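Listed below, chain by chain, are the residues.
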Amino acid sequence: MSDGAALLELAGVHTHIGRYHILHGVDLAVRRGRLTMLLGRNGAGKTTTLRTIMGLWRPSAGEISFDGAAIGALATPDIARLGIAYVPESMGIFAQLTVRENLLLATGPQGFDEARLEEVLALFPALRQKWHSAAGSLSGGQKQMLAISRAIIEPRRLLIVDEPTKGLAPAVIQQLIDAFLRLKSTETTILLVEQNFHMARSVGDDVAVMDDGRIVHAGAMADLAADEALQQHLLGLSLASHQ
Amino acid sequence: MSGAAPGPLDRLLSGDRPGTRLLNLLLLLLLASLLLAPFLFPGTRSLAVAARICIFIVLAASYDVMLGYTGIASFAHTMFFGMGAYGVAIALAKLSAGWGAVLLGAAAGVALAVAVAVLIGLLSLRVRAVFFSMITLAVASFALILATQLRDLTGGEDGLTFSVPDVLQPSFRLLAEPVLGVRLDGRIVTYYLIFAAALALFLLMLRIVNSPFGRVLQAIRENEFRAEALGYRTVVYRTLAGALAAAMAALAGALMALLLRYNGPDVTLSFSVMVDILLMVVIGGMGTLYGPALGAVVLVMAEYYLQPAMAALSGSLAGWPLLPALFDPDRWLLWLGLLFVLVVYFFPAGIVGKLRERAG
């Protein structure tokens, strides 16, 4: 574990969607064993950045490297097979499959590693009661828990999660925060997009702030959390309003 | 959390039970009726209906693997049905009336169907769904034209009439004495061959859709990108699903050829057969396999018995104004259409979907 070295690195990444130029040279480093927050206003390009990493959009310029190897030209399944788990916005679950089947999709042909499954279900005990229910029948929070569980049911090298707290009740958000803190303790490398600053401050090690398709600030989360003027400048908010 | 060990019934059904008591009852009734059809409903016509039901169960279920489980709307399914039928027909007409020719023809039909399905899949599954449907429609039309033009091989519009192996000939006698009043001739042997093959193919498809492979297909149906983000090459899976469905349809076609001892473009390639398959899947309930089986029963029965029933009704209403004309047997398609509209309106999830919804 070489703490500090980047596992995922974006250098000067541009992305066009149709004739729209969305990313204007994104530079981002996700360091090993750390939780990196990607913050920014709506429309800043956060989700596009994640989707570009996952190969849904091809970068029109720039380099994306994972563990030193260029992945910008790979297809989505090949990127996933490198050990990158992606939880899309709005709960990437399969509504008509059961909770069990959703999780099985992310395991190999050998099925569940029982010990790992127990660990994951310990993070989100609500899923145990819903084991054989269709995922579509779960509450919003449970769907998000299922999506995250599916991403970590097998050991992954990088976990990318897009706005897990969107539309969730505060009590559920707290559960997610606890889960991410426990995940962090296992030294999983995580890239997390968030609008909820309370969540970001609670779990983030590093932070990058996006605006208008660029990274406008990168540094330690603790520094941003302590600097209200900087928050106001970068995000147009202050911590006090997001307690 | 893996649950108790499955019982023999669960193993046979791959853990995919129909789901509700009424549905269990309906399917058991269907299975028993088909199993005992020659004895329960003696007569050439009812035996033909039962055999057609068996064949269309396989055909509709295989279409459901594509449409219901994978979300691929293809209009080329009759083409694969036709390939199996023509394979057997051509082999029996041109080679000899033996089992070797049957196997060779069926194998060739299946191989051709799989090859064409893989080709269509790899070439066109990357395009948007609606364009894929159009491509399949174009390929199916091309196949239909080809079958009518290659007269030397396919018999053109007239099709091919051929002899089947001796045991399947109506003149063949399995036993000298009738059993339960039914003479065990080649027709009965043909029926049980079709019944056994259909049952085996249906259980095989049930196994496949409930396997890890089938789960990936359902994941692709719901959201392709999410499935790719889990590391699944969706084009490969969709192509495999298409090839599997094509192989099943070709086998159903081979059975059809053995049943009719004839094959022509109208029987296995026409667009009206494609519409029938669509109706069976939609009426029965997409993505359930059991649904298309029930849909096949409803549609085949309607095709065979709606006209005579209407003739009787029309006759009994003689003297009334307008009504006899409304129920004239020639108008049977009108009533079938009305039935379809009502089913789609009241049971958008099909018969099986509605029953499961009521129970769940």
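Numbers given to residues run from 1 along each chain, matching the order in which its sequence is written. Chain letters start at A and ligand numbers start at 1, both assigned in the order the entries are written. The predicted nature of this model means local features are confined to residues of pLDDT at least 70 and side-chain atom pairs, given and counted, to a pLDDT of 80 or more, with totals for whole chains, interfaces and linings taken over all residues. Each side-chain value is worked out from all heavy atoms of the structure, with water and hydrogens disregarded.

Asker: Quick question: what am I supposed to make of the overall build of chain A here?
Answerer: Helix and strand definitions here come from DSSP, where helices need a minimum of 4 consecutive H or I residues and strands a minimum of 2 consecutive E residues; each element is numbered from the N-terminal end. Helix and strand content of chain A: 10 helices and 10 strands. Relative to the compact-globule value of 18 Å for 243 residues, chain A shows a C-alpha radius of gyration of 17 Å, a close match. Seen through its principal axes, chain A has C-alpha atoms that stretch 45 × 45 × 40 Å. Buried residues are those whose accessible area, probed at 1.4 Å on protein chains only, stays under 20% of the maximum for their type, while exposed residues exceed 50% and partly exposed ones sit between those limits. Of all 243 residues assigned to chain A, the portion counted as buried reaches 52%. We call two residues in contact when some of their heavy atoms are within 4.5 Å. Across chain A, every contact between residues at least 6 apart in sequence was considered, and the portion connecting residues at least 24 apart equals 68%. Method for areas: the Shrake-Rupley scheme with a 1.4 Å probe, in which residue coverage is limited to the protein chains shown. Only carbon and sulfur atoms are counted for the fraction: they give 50% of the accessible area of chain A, which is about 9,900 Å². Using C-alpha atoms as the atom set, the radius of gyration is obtained and then compared with a globule rule of 2.2 Å times the number of residues to the power 0.38.

Asker: Before we go on, may I ask you to explain the side chain of N263 of chain B in this structure?
Answerer: All names here are of chain B. With respect to the element layout, N263 can be found in strand β2 (residues 262-263). By relative accessible area, which is 1% here, N263 ends up buried. At a separation of 2.9 Å, a polar atom in the side chain of N263 contacts the side chain of T268. Apart from residues lying up to four places away in sequence, N263 is in contact with G82, A85, Y86, A89, G159, L160, F162 and T268. Think of a polar contact as two N or O atoms within 3.5 Å of one another; within protein, one of them needs to be a possible hydrogen donor and the other a possible acceptor, and neighboring residues in sequence only count if both atoms come from side chains.

Asker: Just checking my understanding: could you explain unusual backbone geometry for this structure?
Answerer: Negative phi is the rule for most residues except glycine; trans is the rule for most peptide bonds. Residues and elements named next belong to chain A. With a phi angle near 55°, D67 is a residue other than glycine that sits in the positive phi range. Here D67 lies in the loop between β4 (59-66) and β5 (69-70). Taking the relative accessible area as the measure of exposure, D67 reaches 35% and is therefore partly exposed.

Asker: Quick question: what am I supposed to make of a nonpolar patch on the surface here?
Answerer: Residues and elements named next belong to chain B. Taken together, the side chains of V127, V130, F131, M134 and I135 define a hydrophobic patch exposed on the protein surface, amounting to about 400 Å² of accessible area. In this structure, I135 sits in helix α7 (residues 129-149). Overall, the relative accessible area of 33% leaves I135 in the partly exposed class. Patch members must show over 30% relative accessible area and no salt bridge, and they are joined within 9 Å when carrying like charges or within 5 Å when they are nonpolar side chains of Val, Leu, Ile, Met, Phe, Trp or Tyr. Here, a salt bridge means any Lys or Arg side-chain nitrogen found within 4 Å of an Asp or Glu carboxyl oxygen.

Asker: Help me understand the confidence of the model for chain A in this model?
Answerer: Looking at chain A as a whole, the pLDDT averages 88, with 95% of positions reaching at least 70. Note that residues 238-243 of chain A has pLDDT below 50 and, in this model, 12 contacts with residues that lie over four places away or in other chains. One number per residue, pLDDT, summarises how confident the predictor is, and it ranges from 0 to 100.

Asker: Could you clarify how one ought to interpret the nonpolar core in this entry?
Answerer: The nonpolar side chains of soluble globular proteins are, as a tendency, buried together. Residues and elements named next belong to chain B. Of all hydrophobic cores here, the largest spans 83 residues; its most connected members are L34, F80, Y191 and L289. It is helix α4 (residues 44-70) that contributes the most residues to this core, 18 residues altogether. Apart from the residues lying within four places of it in its own chain, the contact partners of L289 are A61, D64, V65, Y69, F202, M205, L206 and V209. Within this scheme, the nonpolar core is defined by two criteria: the residues are buried Ala, Val, Leu, Ile, Met, Phe, Trp, Tyr or Cys, and they are joined through side-chain atoms within 4.5 Å.

Asker: Would you mind going over the packing of aromatic side chains with me for this structure?
Answerer: All names here are of chain B. Each aromatic pair joins two rings of Phe, Tyr and Trp (for Trp, the six-membered one) with centres within 6.5 Å, and gets the label stacked for planes under 30 degrees apart, edge-to-face for over 60, and tilted for any other angle. Scanning the model with the defined rule gives 12 aromatic pairs over all chains in all. The interplanar angle of 25° and the centroid separation of 5.6 Å between the aromatic rings of F213 and Y237 together place this pair among those described as stacked. Here the residue F213 occupies a position in helix α10 (residues 212-222), and Y237 occupies one in helix α12 (residues 234-260), the gap between them amounting to 24 residues. Classification of Y237 by relative accessible area gives buried; the value is 19%. Seen from their ring centres, F327 and W335 are 5.0 Å apart, and the 10° between their planes marks the pair as stacked. Chaining the aromatic ring pairs together yields one cluster made of Y191, Y192 and F195.

Asker: It is not clear to me how the sheet that holds strand β1 (residues 6-17) of chain A should be interpreted in this structure. Could you clarify?
Answerer: Either a parallel or an antiparallel arrangement is found when strands of a sheet pair, and the pairing is made through backbone hydrogen bonds. All names here are of chain A. Spatially, the four strands line up as an open sheet ordered β2-β1-β4-β5, and their pairing is antiparallel. Both edges of this open sheet fall to β2 (20-31) and β5, since each of them pairs with a single strand only. In this scheme, strands are said to pair when DSSP sees at least two bridges between them. Pairing of β4 with β5 involves two bridges; the strand directions are antiparallel. Considered in β5, the bridge of F66 is made with A69. Of the strands in this sheet, β1, β2 and β4 touch helix α1 (residues 46-53), which is tilted by about 110° from β1. Axis angles are defined between N-to-C directions and span 0 to 180 degrees, where every axis is a line fitted to C-alpha atoms and, for a helix, only to the segment in contact.

Asker: In this structure, what is going on with the interface of chain B and chain A? I would like to understand it.
Answerer: Buried accessible area, meaning the area lost when the parts come together, often serves as the stated size of an interface. Across the boundary between the two partners, chain B contributes 17 residues, which contact 30 residues of chain A. What counts as buried area is the accessible surface, traced by a 1.4 Å probe, that two parts surrender upon association, with contributions from both included. Between chain B and chain A, a total of about 2,100 Å² is buried, with carbon and sulfur atoms accounting for 60% of that surface. Counting across the interface, chain B meets chain A through one salt bridge. Along the contact surface separating chain B from chain A lie seven residue pairs in polar contact (both at pLDDT 80 or more). Going through the elements one at a time, α10 and α11 (224-229) of chain B are the ones with two or more residues in the side of chain B that touches chain A. Considering each element in turn, the side of chain B that touches chain A owes the most residues, six residues, to α10 of chain B. Classification used: nonpolar for Ala, Val, Leu, Ile, Met, Phe, Trp, Tyr, Cys and Pro, charged for Asp, Glu, Lys and Arg, polar for all others including Gly. Looking at side-chain class alone, the side of chain B that touches chain A contains eight nonpolar, three polar and six charged residues.

Asker: Would you take a moment to explain the packing of α4 of chain B against helix α15 (residues 290-316) of chain B for this structure?
Answerer: Each pair of packed helices can be summarised by the angle the axes make with each other and by the distance between the axes. All names here are of chain B. Between α4 and α15, the least distance of the axes is 7 Å, while the angle of their chain directions is 140°. Every pair of crossing elements has a handedness; the one defined by α4 and α15 is right-handed. Judged by residue contacts, R45, S46, V49, R52, I53, F56, I57, A60, A61 and D64 of α4 engage P292, A293, A296, V297, V300, M301, Y304, Y305 and P308 from α15. Classifying every residue of the contact of α4 with α15 gives 15 nonpolar, one polar and three charged. By definition, turning the near helix anticlockwise from the far helix through less than a right angle yields a left-handed crossing, and turning it clockwise yields a right-handed one.

Asker: Can you walk me through the pairing of strand β3 (residues 35-40) of chain A in this structure?
Answerer: Consecutive side chains along a regular strand alternate between the two faces of the sheet. Residues and elements named next belong to chain A. Within β3, six of the six residues are buried, which leaves the element mostly enclosed by the surrounding structure. One ladder, built from four bridges, connects β3 with strand β8 (residues 189-193); its direction is parallel. Bridge assignment links M37 to a residue of β8, and that residue is L192. Strand direction decides the pairing type here: β3 and strand β9 (residues 206-211), joined by five bridges, are parallel. The residue of β9 that forms the bridge with T36 is D206.

Asker: Would you explain the environment of D113 of chain A in this entry?
Answerer: Counting through the fold element by element, D113 of chain A comes out in the loop between α3 (99-104) and α4 (114-123). The partly exposed category is assigned to D113 of chain A, whose relative accessible area is 45%.

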